[in-house]
Amino acid sequence: MSEPPRARWDALFTNVRLATMTDGYGELVDAAIAVAGGRIAWLGPRGQVPGEARTVHDCGGAWMTPGLIDCHTHIVYAGNRSDEFEARLNGAGYEEIARRGGGIMSTVRATRAASRDELVRASLPRVASLLAEGVTTIEIKSGYGLTLESERAMLQAARRIGELLPVRVVTTFLGAHALPPEFAGRADDYIGHLCEHMLPELAGQGLVDAVDAFCERIGFSHDQTQRLFETARKLGLPVKLHAEQLSDQQGAQLVARYGGLSADHLEHLSPEGVRAMADAGTVAVLLPGAFYFLRETVVPPVDALRAAGVPIALATDCNPGTSPMTSLLLAMNMACTLWRLTPQEALAGCTVHAARALGMQNEAGTLEVGKRADFALWKIARPADLAYGIGFNPCQAVVNAGVLRPAQVPVPAGAC
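All values derive from a computational prediction rather than experimental measurement. (Residues numbered from 1 in each chain as written. Predicted model: local features only at pLDDT ≥ 70, side-chain atom pairs only at ≥ 80, totals over all residues. Heavy atoms only, no water.)

A. Up close: the environment of Y77. Residue placement: Y77 occurs in the loop between β6 (68-70) and α1 (82-89). Residue classification places Y77 among the buried positions, given a relative accessible area of 8%. As a C-alpha pair, Y77 and K141 span 64 residues in sequence and 9.8 Å in three-dimensional space. For Y77, the contacting residues outside a window of four places in its chain are T107, T111, L119, A122, S123, R126, Y144, N319 and P320. (Helix = DSSP H or I, 4+ residues; strand = E, 2+ residues; numbered from the N terminus. Buried < 20%, exposed > 50% of the residue type's maximum accessible area, 1.4 Å probe, protein only. Contact = heavy atoms within 4.5 Å.)

Next up, the structure:
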């Protein structure tokens, strides 16, 4: 007696409407998508599935998009700064709060005092909130430790989160986030310490996927940032940059010159910076949460970026001081209402362009054969609903590398 034929696919998701994000929304109604080995093996009309699957999921006519990607976060940290939020609304100025020991150094002190496991426990609920909204990939930056030991703990915590929760974590070294008190008045010496000791050691331990810096008048200079980028280049690490958030320091031109993955914030981006990014293929990562929370008034040059063909990504910028936001759907709505992105641009900003901002365009961001099978299933009438709703999460389920899971992910206890 002959054996039955082996199933061609591991899983088949059928009766689904696809937003492939390959050309606009890339809509394909009454479709199916097959998975083998954790990757997309086939997609097309439901009536033309060319094979059997071991497991078949009837999606009930739901919309499916690529898994969302939050490509800029500072989500690993300790402490809380709601007291500063309240103080500002009661009239306290930034300098007054800083004199009281507030600002970024408040988070640095709390983060330095926390162990790796304490950082993991504090961060897991924040990450779980993103996963409930269909996020399957997240970038996590260091930068609240500013010593070798505490930066290592942050990056290790980020890696551990990727082991405990169904999410792919990409790490970024942001040692050049602020000047630590140990190096007060010696910014050049601190950059030298990053280049000669901290970054090489952390990269050698496999904890760093990319390198970032805060190039700003209250951060690090153009020349200091360039020194860090030179070190990253020698180590074979891609770069990105907090650029032109508060002033034009020509950071966009600098990161573009190094073939940078992205320039982020960009409220004060110049026409020259736009051209440099377009020529280099550097992604513009816009961060509406910080714009909203800080009550900024200078709008990123969205029209100029569009006209130049610069890819526009969106992210939460989740951090305790300027964007305590754990909703990528809200970031999409903010980008549309505050900056007049279209809903299609907003969704592309959290999928195809966010993948490019992490150097993952061949792995994620669109529904195409060969890419990782990371999907989100939505109970919506049309893809524009994802940017339309405020405070409403229509995510029904999520697929990570072909494995279906509920949208809500339990936070593991005692497993750090």
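Picking up after the structure, the text goes on.
B. Local environment of the UniProt feature "binding site: Zn(2+)" (unreviewed entry) in the protein. The positions that UniProt labels "binding site: Zn(2+)" (unreviewed entry) are, in the present scheme, H72, H74, H242 and D317. Across 246 residues in sequence, these annotated residues keep their C-alpha atoms within 12.3 Å of one another, forming a single compact spot. Examined against the element boundaries, H72 turns out to sit in the loop between β6 and α1. Judged by relative accessible area, which is 0%, H72 ranks as buried. What H72 contacts, discounting residues up to four positions off in sequence, is E139, K141, H242, D264, V285, L287, A315, T316, D317 and C318. Leaving out residues up to four positions away in the same chain, H74 has contacts with K141, Y144, L174, H177, H242, D317, C318 and N319. (UniProt positions renumbered as here; feature names shortened; annotations may be inferred.)

C. Seen up close, the nonpolar core. I161, M332 and W378 are the most contacted members of the largest nonpolar core, which totals 98 residues. Look past the residues within four positions of I161 in its chain and what remains in contact with it is V76, V120, S123, L124, V127, I140, V167 and V169. F13, L18, A373 and F375 belong to the second largest nonpolar core, which has 17 residues in total. (Core = buried A, V, L, I, M, F, W, Y, C linked by side-chain atoms within 4.5 Å.)

D. Looking closely at the side chain of Q245. One can find Q245 in the loop between β10 (240-243) and α8 (251-257). We classify Q245 as buried; its relative accessible area is 12%. If we ignore the near neighbours within four places in the chain, the residues touching Q245 are F214, E216, H265, L266, E267, H268, A290 and L294.

E. The arrangement of the pairing of strand β7 (residues 135-141) in detail. Here β7 lies mainly inside the structure; seven of its seven residues are buried. With three bridges connecting them, β6 and β7 associate as parallel partners. The partner of D70 across the bridge, within β7, is I138. In this sheet, strand β8 (residues 168-176) lies alongside β7 in parallel orientation, the contact comprising five bridges. (Pairing = 2+ DSSP bridges.)

F. Quick peek at the side chain of R168. Of note, R168 is situated in strand β8. With relative accessibility at 16%, the residue R168 sits in the buried group. A polar contact is formed between the side chain of R168 and the side chain of D374, at a distance of 3.3 Å. For R168, the residues in contact, after removing those within four places along its chain, are T136, T137, I138, M360, E363, A364, R372 and D374. (Polar contact = N/O pair within 3.5 Å; in protein donor to acceptor, adjacent residues only side chain to side chain.)

G. Expanded view of the packing of aromatic side chains. All told, the structure shown has seven aromatic pairs when counted by the stated rule. Ring centres 5.2 Å apart and planes at 75° place the aromatic pair F291 and W339 in the edge-to-face group. Placement of the pair is F291 in helix α10 (residues 288-293) and W339 in helix α12 (residues 328-339), with a sequence separation of 48 residues. Looking at F291, the relative accessible area reads 7%, which means it is buried. For W339, a relative accessible area of 4% translates into the label buried. Among the aromatic residues, those joined into a cluster by ring pairs are F183, Y190 and F220. (Phe/Tyr/Trp six-rings, centres within 6.5 Å; stacked < 30°, edge-to-face > 60°.)

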